[in-house]
Amino acid sequence: MASEAPKAQAFYGTFIHTLSSKHLEILSETFILLSPTGTIQAIHPSTPATSIPNILADHKYSESTCTVTILQPTEFFIPGFIDTHTHAPQWAQRGTGRGIDLLTWLETITFRHEAKLADLEYAKSLYTSCVRGGLKQGMTTACYYGSRHAPASVILAETCLSLGQRALIGKCNMTRHAPDWYRDASVDESLRETEDFIAQVRKLDPAHGLVTPVITPRFAICCEEELLAGLGAVAARNRDLPIQTHFNESRGEVDFTRSLFPNDKSETELYERLGLLNDRSILAHSIYLSDAEIERMAELQCGIAHCPIPNVTMDEFMIAPVREYLRRDIKVGLGTDCGGGYSSSMLEVMKSAFVVSTARCTMTQGQDEPLSLTEGFYMATLGGARVCGLQEKVGNFLVGKEFDALLVRTQEEGVMAPVEEEDGVQTVFEKFLMTGDDRNIGRVFVKGREVHTAC
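Residues numbered from 1 in each chain as written. Predicted model: local features only at pLDDT ≥ 70, side-chain atom pairs only at ≥ 80, totals over all residues. Heavy atoms only, no water.

**Considering the overall build of the protein**
Turning to step 1, where the next piece is worked out: Across its full length, the protein carries 15 helices and 18 strands.
Turning to step 2, where the next piece is worked out: In terms of overall size, the protein behaves like a compact globule, its C-alpha atoms giving a radius of gyration of 22 Å where 455 residues would be expected to give roughly 23 Å.
Turning to step 3, where the next piece is worked out: Taken along its principal axes, the extent of the C-alpha atoms in the protein is 70 × 60 × 40 Å.
Turning to step 4, where the next piece is worked out: Residues counted as buried form 60% of the 455 residues belonging to the protein.
Turning to step 5, where the next piece is worked out: Restricting the contact set of the protein to residue pairs at least 6 apart, pairs at least 24 apart contribute 73%. (Helix = DSSP H or I, 4+ residues; strand = E, 2+ residues; numbered from the N terminus. Rg over C-alpha atoms; globule rule 2.2 N^0.38 Å. Buried < 20%, exposed > 50% of the residue type's maximum accessible area, 1.4 Å probe, protein only. Contact = heavy atoms within 4.5 Å.)

And the structure:
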């Protein structure tokens, strides 16, 4: 039997999104019409519900050709969350390894977990759990590091396509400073497998409708210069693909990198010299940058994945200068960094970002003021879309964008602060961000397709 053709959809109620890091917009009594392909076709704010039939008719639809959903007063839509930095192979190791330094954590815990992805049946099982878990928590887009195994990374792409998650996916490149049993055999093999991986993912989704391959040197410590230069050449030949790497993540990592590349004054200079720093770069962590490096990143229009949870739960309390990034309009989003980060929830990441920014304010004697609620929400949505190069597709609700959205239900059974009679929409929204969890995420849409429904 042929599958039923997709229908137009419409939603009526409250929508909350950002237009910039400073501008939160609450659209009440709003009608949003989606085309059958999931693109926002029209937005009618401040519209009485009685006018819905007329609006449909104006757009050449009727209630028989367009599914209309009217939200309850305790419900609202927000854009889907965008995780700008996470490790799918580490899904099963979350919560382990507190209090040890980054390099020891890699050597004793992480590489052993990632090595399991050589088993493709295990990869299918783990990645299905990972993607489903992300969608349940409202992660409509994830920027994934895969393992070093190209076949397993293709399985991750297939899983995202099947389950409906938008994703950027990289085969992780690493040829040194990792165990013999968990690194690419040679520079040539690493580059060849990367290009094969890119070709296979392009074949799965030629237009990058949902899945995009990412050029992914793990970090400079694990990559010989010849490999980094080769990946820079791959990036030059594939100008539609993002680049991601760990960048200025810890003092130990920074010092080790300088010892390996003594002729470069900084990681910024190193990556730019080798063709890996530009407006497609997604730089995870970015903590210990000089003012000159920050200025160069702004000029190159690099993106930063801020990961507050792992940065303050290893053996060093590391605080990225996010206020300075926002001040200079550098693209910055939020990352769970699962499993360095113990939580895969963007709500938890936002709360940690607020806390860490307060610590930064104390450290700078008030120079870097704490993040506002709007700024945190922006980084989890539109800011993340900018980092991933998806700002023309997703991140907020504008005509022409694709409908990646979460239906939030504020009176579900759970731990969210009770909604009281005197609470306005903005107060309820703040209660959700600060006290809600995945039980309040009732429906999840990617490109207009419902990809998760709460039980």
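**Digging into the sheet that holds strand β14 (residues 303–306)**
Across a sheet, strands are paired by hydrogen bonds formed along the backbone, either parallel or antiparallel in direction.
Turning to step 1, where the next piece is worked out: With parallel pairing, the four strands of this open sheet are ordered in space as β12-β13-β14-β15. This sheet does not close on itself; its edge strands, each paired only once, are β12 (243–247) and β15 (331–334). Neighbour to neighbour, the strand axes of the sheet diverge by 25° on average, direction disregarded.
Turning to step 2, where the next piece is worked out: Looking at chain direction, β12 and strand β13 (residues 281–285) are connected through five bridges and run parallel. Looking at the pairing, I243 lines up with S281 of β13. (Pairing = 2+ DSSP bridges. Axes fitted to C-alpha atoms, helices over the stretch in contact; angles between N-to-C directions.)

**Concerning the pattern of salt bridges**
Turning to step 1, where the next piece is worked out: Within this structure, the stated rule accounts for 29 salt bridges.
Turning to step 2, where the next piece is worked out: The shortest N-O distance in the salt bridge between R323 and E369 comes to 3.7 Å. Here the residue R323 occupies a position in helix α11 (residues 322–327), and E369 occupies one in the loop between α12 (346–363) and α13 (373–380), the gap between them amounting to 46 residues.
Turning to step 3, where the next piece is worked out: The class for R323 is buried, based on a relative accessible area of 7%.
Turning to step 4, where the next piece is worked out: For E369, a relative accessible area of 37% corresponds to the partly exposed category.
Turning to step 5, where the next piece is worked out: Residue D329 is joined to R386 by a salt bridge in which the shortest nitrogen-to-oxygen separation is 3.3 Å. (Salt bridge = Lys/Arg side-chain N within 4 Å of Asp/Glu carboxyl O.)

**A word on the sheet that holds strand β7 (residues 139–145)**
Turning to step 1, where the next piece is worked out: Within the open sheet, the four strands sit side by side as β6-β7-β8-β10. Their pairing is parallel. At either margin of the open sheet sits one strand with a lone partner, and together these are β6 (81–87) and β10 (211–213). When the angles between neighbouring strand axes are averaged without regard to direction, this sheet yields 15°.
Turning to step 2, where the next piece is worked out: In the sheet, β7 pairs with strand β8 (residues 166–170) via five bridges, with the strands oriented parallel. The residue of β8 that forms the bridge with C143 is L168.

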